[in-house]
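One-letter residues, chain by chain:
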Amino acid sequence: MITHKHIRGTLFVFMIAGLSLPAVHAADAPGYGSVRGIALDIGGKPVAKATVAIHNLNGSDDRKVESDSDGIFAADSLNPGIYEIKASKDGLSSPPATTVEIAKGQTVRPKFILATADKPTAADKPTAAAASASTTTAIEQELAEMKERIAVLEAALIKTHSAPEATASPAPAAAPAPTPTAAPAPTPAPAPEPAPPSQAPQTAPPAPALPDALQAPEPGPAVDNFTPFAFADFTWMNATPRNKDTVLDTKFFTPEIRFDTNYMEDFNQPIDHTIVGATESFRSGEVQIEQASFGGDFHWQNVRGRVLTMFGLFATTTPRNDASYGVGQWDLRGAYKYVSEAWGGYHFNVNHGLNVDAGIFVSYIGLFSYYNFDNWTYQPSYVSSNTPWFFNGVRTQWFPTNKIKIEPWFINGWQSYAKYNGHPGLGGQFLWQPTEWFKLVANQYGYGQDNLGLPKTERIHTDDSIELRYYNNHDNEGVSKMAFTLTADGGCQYGGGIQCTGAPSKNKDSFVGWMAYNRIWFHHDLFAITTGGGGMSNYGRYLTLLPPINGADAVTGSPYFTELPGQKAHMWDSTVTLQYMPRQYITWWTEVGYRHSDVPYFAGRGGVTPPGFPLGGTNGQPGQYACMSGAPSGASDLPTATTNCTGSGGVWFPDLRRSETKLSIGVMVKF
């Protein structure tokens with residue numbers, strides 16, 4: 001007969017076994033941990049109403065709880081940290097306090113044996129060895145009784161499942177063929193006797209479990225009001241990935257993989273296939289891999305880090321716009337060209353989170369993301385193309401609420417691997433997302449001396465954007481969403497003979513820009529059309545991308561497109577982008593764009609590669625004028641170059657135009 005006592009004993013065995021399992025994540029509030037433990041007496045029996053004191057060593061959390069009738073006690077929403085835990089009741093107490101570490105989202109399971117605090121005497125107490133032997137014997141006896149109870153239960157279950165009906169006789173293993181004569185009724189087989197404890201069926205050992213770090217994270221609450229910006233779905237926003245799920249996510253590592261391939265047709269038909277003045281458009285009439293990146297986020301016990309590699313055209317085109325590697329020695333461009341992001345840091349449990357990270361991180365100035373998959377269009381306007389994509393330094397991210405981020409920066413400079421002159425750069429970002437349909441982001445920068453060869457010139461800049469979704473009906477077969485963005489930029493350089501205001505002839509260096517986009521989603525967000533554009537006025541051209549004429553970059557400069565104080569560069573553009581998004585991990589797209597400049601800037605039919613290099617390349621001297629033979633002139637001033645190229649057919653000039661129209665298609669993948 002199965003009694004309540006048998007079941008209770010069996011459950012007790014399972015409970016003891018569960019206490020020996022490793023700690024697992026609890027379904028607690030994000031950012032907190034919990035305790036699940038048991039209090040027992042010296043004989044191994046549960047102690048009810050034992051007082052359990054839980055003390056955080058840094059003083060931020062102190063709890064007192066009581067064990068229930070089974071000796072179980074629990075405490076939730078504990079701040080991660082080091083804790084001392086002890087249990088006591090009626091003169092009984094646990095040994096010296098147990099010290100445990102509680103990590104974010106983790107549950108620890110301590111077990112306490114309560115005994116008298118008085119030391120036994122020789123007259124009225126057994127020796128320590130005898131007490132230990134007595135305790136061991138008592139526990140062994142209790143375990144033996146439990147095994148017997150388990151055997152009885154298993155035998156009863158076998159008997160129950162082996163009989164088809166309560167009154168039916170069991171069928172023989174092999175029935176003989178029937179005969180014409182009647183046969184006596186078979187005698188019912190006796191019920192099997194319960195197997196003795198020594199012959200109880202042996203259960204298979206459990207399959208080895210994955211290490212805790214490799215297990216999938218516990219699902220969070222339906223509405224997470226603690227984790228910053230987790231209370232709503234912001235995947236509709238520009239500069240935000242559309243992914244709602246992460247493939248192969250674990251408690252230690254969240255992977256990230258990106259592929260970006262395009263085909264572009266420049267209607268100017270440059271003979272050298274080179275597209276000028278863009279951050280996402282580089283080659284005409286060719287299929288090219290823009291980005292191939294592998295990496296992800298590491299996170300364990302408040303320590304965090306991120307690395308994302310960078311292969312494809314981005315690995316070459318991004319470093320060529322950074323002149324800081326021209327300061328001093330060591331090959332910084334080679335050291336960083338295949339790294340998009342690489343930083344490590346620590347998460348402090350302050351308010352809704354405080355992160356301190358150091359390394360290379362993306363800036364997101366200009367609203368558009370550095371990664372094209374995250375954006376509404378492929379080629380952003382000048383405000384995003386010409387402002388930083390990354391910073392190298394230290395940042396602090398403080399989340400006073402789950403809707404606000406305050407992020408100061410201490411960085412080498414404006415998109416620079418190194419520090420140009422005497423001052424590092426200072427800046428920061430303020431992000432406010434109070435609801436699912438609105439975002440405000442403000443980036444500020446200053447103090448940095450960000451010009452090679454201009455040690456007395458400093459830069460200031462502000463970049464501010466809003467995003468607003470003004471219609472949302474995902475179930476609609478027609479229009480399912482509508483949203484727009486608006487961005488305004490302003491900045492200047494001053495000092496060392498350069499000024500922010502005044503006439504261009506007074507060495508004016510200033511930047512004013514704007515951009516606006518409207519996006520409409522169709523058929524349950526399967527398709528989207530984005531229209532928009534922007535413009536900039538950039539006196540001094542200090543934020544205008546240098547055309548790669550004869551292989552010129554930010555260090556070499558080019559005599560064909562100088563960037564001197566007071567020189568103007570007024571440009572505007574517009575795009576229409578259609579995206580098809582059958583899955584959250586892939587985007588097929590096509591885009592038509594038009595760009596215009598008040599000075600010759602975009603590559604024309606003749607291209608920007610000197611003669612004599614039909615297969616590409618340069619003459620090795622991009623800072624000089626080139627002769628019609630393709631050889632360098634030996635001079636960066638036109639009169640001297642004209643004289644030096646007399647016997648080589650004269651001075652060669654690139655074919656630069658004031659406008660450009662492009663048709664582009666491509667596919668982007670992000671896991």
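Treat the numbers as computed from the prediction; the structure is a model and nothing was measured. Here the residue numbering is sequential within each chain, running from 1 through the sequence in written order. pLDDT decides what is reported in this predicted model: residues at 70 or higher carry local features, side-chain atom pairs at 80 or more are listed and counted, and totals for whole chains, interfaces and linings draw on all residues regardless. Only heavy atoms go into the side-chain values, all of them from the structure, while hydrogens and water stay out.

## Topic: empty space enclosed by the protein
- Grid spacing is 1 Å over the protein atoms alone, the probe is 1.4 Å, and a cavity is where that probe fits but cannot get out, while a pocket is an open set with protein on both sides within 12 Å along at least five of seven lines and lining residues have an atom within 4 Å of a point. Grid points are joined across faces, edges and corners, and a volume is the space filled by probe spheres set on the points. In this structure the tally under the stated criterion is five cavities of 30 Å³ or more.
- Computed from the structure, the largest cavity encloses a volume of approximately 110 Å³.
- Asp, Glu, Lys and Arg are counted as charged, while Ala, Val, Leu, Ile, Met, Phe, Trp, Tyr, Cys and Pro are counted as nonpolar; the rest, among them Gly, fall into the polar class. Counted by class, the lining of the largest cavity contains eight nonpolar, five polar and one charged residues.
- One number sums up the size of the second largest cavity: a volume of about 80 Å³.
- As for the second largest cavity, its lining consists of Ser281, Gln379, Asp573, Thr575, Glu591, Val592, Gly593, Tyr594, Arg595, Lys662 and Ser664.
- Counting residues per element, the ones that place at least two in the lining of the second largest cavity are strand S24 (570–583), strand S25 (586–597) and strand S30 (659–670).
- The secondary structure listing takes helices from DSSP runs of H or I that are at least 4 residues long and strands from runs of E that are at least 2 residues long, numbered from the N terminus. The leading source of residues in the lining of the second largest cavity is S25, at five residues.

## Examining the state of the cysteines
- Note on terminology: pairs of cysteine sulfur atoms within 2.5 Å are recorded as disulfides. On inspection of all chains with the given rule, the structure shows two disulfides.
- Between the sulfur of cysteine 492 and that of cysteine 500 lies a disulfide, 1.9 Å long from S to S. Measuring the twist about the S-S bond at about 60°, one finds the cysteine 492-cysteine 500 disulfide to be right-handed.
- Residue classification places cysteine 492 among the buried positions, given a relative accessible area of 8%. Relative accessibility thresholds used throughout: buried, under 20% of the residue-type maximum; exposed, over 50%; partly exposed, between the two (1.4 Å probe, protein chains only).

## So, the packing of aromatic side chains
- Note on ring pairs: Phe, Tyr and Trp rings are taken, using the six-membered ring of Trp, and paired if centres are within 6.5 Å. Classes follow the plane angle, with under 30 degrees stacked, over 60 edge-to-face and the rest tilted. If you walk through the whole model with that rule in mind, you get 32 aromatic pairs.
- On the basis of an interplanar angle of 65° and a centroid distance of 4.9 Å, the ring pair of tyrosine 346 and phenylalanine 348 is categorised as edge-to-face.
- Residue class for tyrosine 346 comes out partly exposed when judged on its relative accessible area of 34%.
- Each ring, one from tyrosine 560 and one from tyrosine 625, has its centre 5.0 Å from the other, and the planes form 80°; the classification is edge-to-face. Here tyrosine 560 is found in the loop between strand S23 (527–539) and S24, whereas its partner tyrosine 625 is found in the loop between strand S26 (602–603) and strand S27 (626–627), with 65 residues between them in sequence. Note on accessibility: tyrosine 560 and tyrosine 625 belong to one class, buried.

## Points about the layout of surface pockets
- Put simply, the second largest pocket is a space of about 850 Å³.
- Lining the second largest pocket are 40 residues, with Asn451, Arg541, Tyr542, Ala554 and Glu563 positioned closest to its centre.
- Each residue belonging to the lining of the second largest pocket can be placed in one class, and the counts come to 18 nonpolar, 15 polar and seven charged.

## Here we look at the pattern of salt bridges
- We count a salt bridge whenever a side-chain nitrogen from Lys or Arg sits within 4 Å of a carboxyl oxygen from Asp or Glu. As enumerated under the stated definition, the model contains 20 salt bridges in all.
- Between arginine 306 and aspartate 297 there is a salt bridge, and its shortest N-O distance comes to 3.0 Å.
- The class for arginine 306 is buried, based on a relative accessible area of 9%.
- When its relative accessible area of 23% is taken as the criterion, aspartate 297 is described as partly exposed.
- The salt bridge involving lysine 439 is made with glutamate 467; its shortest N-O contact spans 3.7 Å. Here lysine 439 is found in strand S19 (residues 438–446), whereas its partner glutamate 467 is found in strand S20 (residues 458–472), with 28 residues between them in sequence.
- We classify lysine 439 as buried; its relative accessible area is 10%.
- Here the residues in one salt-bridge network are Glu256, Arg258, Asp297, Arg306, Glu341 and Asp374, joined through shared partners.

## Side note on the pairing of strand S3 (residues 51–56)
- Burial along S3 is one-sided: the face carrying Val52, Ile54 and Asn56 is buried and the face carrying Thr51, Ala53 and His55 is not.
- Where S3 and strand S4 (residues 62–66) come together, five bridges link them in antiparallel fashion. Paired with valine 52 across the bridge in S4 is valine 65. By this definition, two strands are paired if DSSP reports at least two bridges between them.

## Observations regarding the pairing of strand S21 (residues 479–494)
- Alignment of S20 against S21, held across 14 bridges, turns out to be antiparallel. By the bridge assignment, asparagine 472 is partnered in S21 with lysine 481.
- Here S20 folds back onto S21, and the loop between the two strands holds six residues.
- Summarising the sheet, S21 and strand S22 (residues 510–522) pair through 13 bridges and their orientation is antiparallel.

## With respect to unusual backbone geometry
- Of note in the backbone geometry, leucine 248 takes a positive phi value of approximately 60° without being a glycine.
- Here leucine 248 is to be found in the loop between helix H2 (128–162) and strand S11 (253–266).
- A positive phi angle, close to 65°, is found at asparagine 507, a residue other than glycine.
- The exposure class assigned to asparagine 507 is partly exposed, which follows from its relative accessible area of 31%.

## Some points on the nonpolar core
- With 22 residues, the main nonpolar core has Phe361, Phe391, Trp409, Ile411, Met571 and Tyr601 as its most contacted residues.
- Two residues qualify as a contact provided that any one of their heavy atoms is within 4.5 Å of a heavy atom in the partner residue. Excluding anything up to four places from it in sequence, isoleucine 411 contacts Phe361, Phe391, Asn392, Gly393, Pro424, Gly425 and Tyr445. To define a nonpolar core, start from buried Ala, Val, Leu, Ile, Met, Phe, Trp, Tyr and Cys residues and group those joined through side-chain atoms within 4.5 Å.

## What to know about the side chain of threonine 609
- Among the secondary structure elements, threonine 609 is positioned in the loop between S26 and S27.
- Each residue touching threonine 609, except ones within four places of it in the same chain, is listed here: Asp272, Gly617 and Trp652.

## As for the confidence of the model for the chain
- Across the chain, each position has a pLDDT score giving the predictor's confidence in that residue, from 0 to 100. When pLDDT is averaged across the chain, the result is 84; 81% of the residues are at 70 or more.
- When the elements of the chain are averaged for pLDDT, strand S1 (residues 24–25) gives the smallest value, 37, and S25 the largest, 98.
- For residues 119–136, every residue scores under 50 in pLDDT, and the model assigns this stretch five contacts once sequence neighbours within four places are set aside.

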